[in-house]
Amino acid sequence: DAGVTQSPTHLIKTRGQQVTLRCSPKSGHDTVSWYQQALGQGPQFIFQYYEEEERQRGNFPDRFSGHQFPNYSSELNVNALLLGDSALYLCASSLEQGLTYNSPLHFGNGTRLTVT
Amino acid sequence: GIQVEQSPPDLILQEGANSTLRCNFSDSVNNLQWFHQNPWGQLINLFYIPSGTKQNGRLSATTVATERYSLLYISSSQTTDSGVYFCAVGEPGNNRKLIWGLGTSLAVNP
C-alpha cells in the first residue's frame with residue numbers, strides 16, 4: 001500500500017524564480033492538502049484540492065497556486081519566490097467523507113525548499 | 001479564530017518513563033488529530049480522536065470535547081519516541097482546514 005509520495009525531497013532556488021512541487025496521494029485517497037512548515041513552527045494550511053478543484057484556501061498570496069489531476073495527484077506552484085518562502089512543504093492526503101470532511105490526514109515526507 | 005495550545009512546550013524523559021501531553025482548544029471541534037514529527041521531519045498520524053479514548057500500543061489518547069481538551073499518553077517511552085508531537089483541530093465549520101498547535105518537543109534519553 002503506497003503512502004503519500006512527494007518530489008523532489010530538496011530544492012534550492014533563487015529569489016524571483018518559480019518552483020513546482022509534486023505529490024501523489026496514498027492509495028485510495030482522493031483529497032490532497034498542502035501545508036507550509038517553517039522551522040520551529042506547526043504546519044500552516046495552504047489549500048486543499050478535491051475533484052480537481054481548490055476547495056479551501058489558507059492565508060497565502062496568489063503566488064501560491066495548485067492543481068489536481070484526474071489520478072488525484074497534485075502540484076503546488078510558487079511564483080516570484082521570496083526568501084521567506086524557505087520552508088518544508090508538506091502534502092497530505094485523505095478520503096473525502098461527505099460534508100463533514102472528517103478524515104485522518106496522511107503526510108508525505110515533504111520537500112525542503114531553500115530560497116537564496 | 002480557534003486557538004490551539006499545547007503543553008508542555010518541551011519535555012525530557014529517561015527511557016522507560018511515562019508522560020502526558022495536553023492540547024487545549026478554544027472552540028467546539030469535531031475533528032482532532034495527533035501527529036508525531038520525527039527528527040527527520042516525517043509527520044505520522046497517531047490518532048484521529050474528536051472524542052473518546054483510543055489506544056495504539058504504548059500510546060493512548062483521550063479527548064473530552066465538552067471541556068475542550070485532549071491528552072496524549074506515552075508509556076514506557078523509547079528513544080524512537082523523540083520528536084515533536086502536534087495536536088491539530090478542524091476549523092469550526094470548516095474541517096478541510098486544520099489548525100495546529102505549536103507542538104511539544106520530546107527528547108527521550110537512553
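Now for a quick tour of the structure. (Residues numbered from 1 in each chain as written. Chains lettered and ligands numbered in written order. Predicted model: local features only at pLDDT ≥ 70, side-chain atom pairs only at ≥ 80, totals over all residues. Heavy atoms only, no water.)

**Points about the overall build of chain A**
When helices and strands are tallied, chain A shows 0 helices and 11 strands. Listed N to C, the secondary structure of chain A is β-β-β-β-β-β-β-β-β-β-β in terms of helices and strands. What you see for chain A is a C-alpha radius of gyration of 14 Å, in line with the 13 Å of a compact globule of 116 residues. In terms of overall dimensions, chain A has C-alpha extents of about 40 × 30 × 30 Å along its principal axes. (Helix = DSSP H or I, 4+ residues; strand = E, 2+ residues; numbered from the N terminus. Rg over C-alpha atoms; globule rule 2.2 N^0.38 Å.)

**Re the overall build of chain B**
Helix and strand counts for chain B come out as 0 helices and 11 strands. Mapped in sequence order, the helices and strands of chain B form the string β-β-β-β-β-β-β-β-β-β-β. Computed over its C-alpha atoms, the radius of gyration of chain B comes to 13 Å, within 12% of the 13 Å expected for a compact globule of 110 residues. Principal axes of the C-alpha set define a box for chain B whose edges measure 45 × 25 × 20 Å. Sorting the 110 residues of chain B into buried and exposed places 52% on the buried side. (Buried < 20%, exposed > 50% of the residue type's maximum accessible area, 1.4 Å probe, protein only.)

**What about the interface of chain B and chain A?**
Between chain B and chain A, the residue contacts involve 19 residues of the former and 22 residues of the latter. The junction of chain B with chain A conceals about 1,800 Å² of combined surface from both sides, 51% of it contributed by carbon and sulfur atoms. One can count 0 salt bridges joining chain B with chain A. Viewed at the interface, chain A and chain B are joined by 5 residue pairs in polar contact (both at pLDDT 80 or more). Breaking the side of chain B that touches chain A down by element, the ones donating at least two residues are strand 4 (32-37), strand 5 (43-48) and strand 10 (94-100) of chain B. Residue contributions to the side of chain B that touches chain A peak at 6 residues, all from strand 10 of chain B. Residues belonging to the side of chain B that touches chain A are distributed by class as follows: 7 nonpolar, 10 polar and 2 charged. (Contact = heavy atoms within 4.5 Å. Buried area = accessible area lost by both parts, 1.4 Å probe. Salt bridge = Lys/Arg side-chain N within 4 Å of Asp/Glu carboxyl O. Polar contact = N/O pair within 3.5 Å; in protein donor to acceptor, adjacent residues only side chain to side chain. Nonpolar A, V, L, I, M, F, W, Y, C, P; charged D, E, K, R; others polar.)

**Considerations on the state of the cysteines**
All names here are of chain A. By the definition in use, this model includes 2 disulfides over all chains. Sulfur-sulfur distance for the disulfide between cysteine 23 and cysteine 91 comes to 1.8 Å. Taking the sign of the S-S torsion, -60° for the link of cysteine 23 and cysteine 91, the bridge is left-handed. Residue cysteine 23 is located in strand 3 (residues 19-24), and its partner cysteine 91 is located in strand 9 (residues 87-94); the two are separated by 68 residues in the primary sequence. Here cysteine 23 matches cysteine 91 in class, with each residue buried. (Disulfide = S-S within 2.5 Å.)

**Examining the sheet that holds strand 7 (residues 59-64) of chain B**
Residue and element names in this part refer to chain B. Within the open sheet, the 5 strands sit side by side as 1-3-8-7-6. Their pairing is antiparallel. Looking at the sheet topology across the chains shown, the edges are occupied by strand 1 (4-7) and strand 6 (52-56). Along the sheet, successive strands turn relative to each other by an average axial angle of 15°, direction set aside. Pairing geometry for strand 3 (residues 19-25) and strand 8 (residues 69-74), over 6 bridges, is antiparallel. (Pairing = 2+ DSSP bridges. Axes fitted to C-alpha atoms, helices over the stretch in contact; angles between N-to-C directions.)

Treat this as a map of the structure, not an account of what it does.
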